[in-house]
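Chain by chain, the residues run as shown.
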Amino acid sequence: MTGGGFLIADSVTHLGGHAAGCMVVCGSHGGTPSAAMAYARSVRAVIFSDAGVGRDRAGIAGLDWLESRRVPAAAVAHTSARIGDGADLAARGVISYANRPAMDAGVRVQMTCAEAIACLESTPLRPASPTPFEQGFGRYLLAPGPIKVWALDSASDVEASDSGAIVVTGSHGGLLGGRAGSAVKAPVVAAVYNDAGIGIDDAGVSRLPALEAQCIAGAVVAARSARIGDGRSTYTDGVLSVVNAVAARLGARAGMTTAEFVATLVAGCAGQVRQCV
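All of the points below concern the structure found in this document. (Residues numbered from 1 in each chain as written. Predicted model: local features only at pLDDT ≥ 70, side-chain atom pairs only at ≥ 80, totals over all residues. Heavy atoms only, no water.)

### As for the overall build of the protein
When helices and strands are tallied, the protein shows ten helices and eleven strands. Here the protein has a C-alpha radius of gyration of 18 Å; the compact-globule value for 277 residues is 19 Å, and the two agree. If you line up the protein on its principal axes, its C-alpha atoms span 55 × 35 × 30 Å. Each of the 277 residues in the protein was classed as buried or not, and the buried ones make up 56%. Sequence separation of 24 or more characterises 58% of the internal contacts of the protein that already satisfy a separation of 6 or more. Per element, the accessible surface of the protein, about 10,400 Å² overall, is 54% carbon and sulfur. (Helix = DSSP H or I, 4+ residues; strand = E, 2+ residues; numbered from the N terminus. Rg over C-alpha atoms; globule rule 2.2 N^0.38 Å. Buried < 20%, exposed > 50% of the residue type's maximum accessible area, 1.4 Å probe, protein only. Contact = heavy atoms within 4.5 Å. Areas by Shrake-Rupley, 256 points an atom, 1.4 Å probe, with all protein chains shown as cover.)

### Some details on the layout of surface pockets
In this structure, the largest pocket encloses a volume near 270 Å³. Around the largest pocket, the lining is made up of 23 residues, and of these S11, S154, S156, S171 and R207 lie nearest the centre. Put simply, the parts of the chain that give the lining of the largest pocket at least two residues each are β2 (23–29), α1 (32–40) and β8 (166–172). Among the residues forming the lining of the largest pocket, the class breakdown is seven nonpolar, 13 polar and three charged. (1 Å grid on protein atoms, 1.4 Å probe; cavity = no way out; pocket = protein on both sides within 12 Å on 5 of 7 lines; lining within 4 Å. Points joined across faces, edges and corners; volume = space filled by probe spheres on them. Nonpolar A, V, L, I, M, F, W, Y, C, P; charged D, E, K, R; others polar.)

### So, the nonpolar core
Counting 25 residues, the largest nonpolar core has L15, V24, V43, V46, F48 and L66 as the members making the most contacts within it. Those elements giving two or more residues to this core turn out to be β1 (6–9), β2, α1, β3 (45–49), α2 (61–67) and β4 (73–76). The element contributing the most residues to this core is α1, with five residues. (Core = buried A, V, L, I, M, F, W, Y, C linked by side-chain atoms within 4.5 Å.)

### A short note on the side chain of N244
For N244, the location among the structural elements is in the loop between β11 (240–243) and α8 (245–249). Polar contacts involving the side chain of N244 include one to the main-chain carbonyl oxygen of L208, which spans 3.2 Å. Within the structure, the side chain of N244 is placed 3.0 Å from the backbone oxygen of I216, a separation counted as a polar contact. Dropping the residues within four chain positions of it, N244 is found in contact with L208, L211, E212, I216, A217 and G218. (Polar contact = N/O pair within 3.5 Å; in protein donor to acceptor, adjacent residues only side chain to side chain.)

### Considering the pairing of β1
Of the two faces of β1, only one is covered, namely that formed by L7 and A9; the face formed by F6 and I8 stays uncovered. Sheet topology places β1 next to β2; four bridges connect them, and they run parallel. Counted as the bridge partner of L7 is V24 from β2. (Pairing = 2+ DSSP bridges.)

### Focus: the state of the cysteines
Per the stated rule, a full pass over the model turns up zero disulfides. Left unpaired, C22 is separated from the closest cysteine sulfur, that of C26, by 13 Å. With a relative accessible area of 5%, C22 lands in the buried category. The cysteine C119 is free of any disulfide, with C113 supplying the nearest cysteine sulfur at 11 Å. (Disulfide = S-S within 2.5 Å.)

### Considerations on empty space enclosed by the protein
In total, this model carries one cavity of 30 Å³ or more according to the counting rule given. As a volume, the largest cavity reaches approximately 30 Å³. For the lining of the largest cavity, a count of residues per class yields six nonpolar, three polar and one charged.

### What to know about the environment of T123
Tracing the backbone shows T123 in the loop between α5 (113–120) and β6 (139–143). For T123, a relative accessible area of 7% gives the class buried. T123 sits 78 residues away from A45 along the chain, and the two C-alpha atoms are 7.7 Å apart. Polar side-chain contacts of T123 include one of 2.7 Å to the backbone oxygen of L120.

Structure (structure tokens):
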């Protein structure tokens, strides 16, 4: 059996062995990849952001995934607390969705996150996960060439070697804990995220000004247009909802598809795209 305790994390990717047996409040979206990672870390119970719910209810799909494994899980409304900020979820979050194990523990919609934590901290410990992260984040090369285009299910998978590439991610467009340095992990040409319903304090698009400060074209797609947590859906289904000034100067606009935005960038030369004007 695992240990116990209470843990706050800005992202599910920050969870390690220390999360085993813990009741976790996590700033990540509540999609299936987030749920699978939390499960692999053997959490006792977990609360996510509902990320605007979005296309195919992707923002809360992980709650059902965890229910099938008898793990209590809930989500707070994106309009009540900042996505990507675990401390804010714990302080201001209001529950919008809960799975059956969480409801059996007393969690209810419209309950504060603090009240839900009190319910979930007393849920039974469960055996450690017998398998590693069973639904990994995907990384797909959409286009080779001088400006590579990658679809990444999670922005956490951006690598140093992606410098000069375009990354189309399934991640939300919120800074982690409000830290500008979390906007992107490499000096890419452009980065696309999911707006997670935008939400309170415009948290779902807070990466965009930070990207602009780095001369990186940034955009988010509407949560209702593409499945959060799915980089390929961001590319094939996504419709831009907000763009930063760098992206706008390069021809991006709200209502453009992600594919159109990427094609516009690829058509230009790398030197033009990287210039901050």
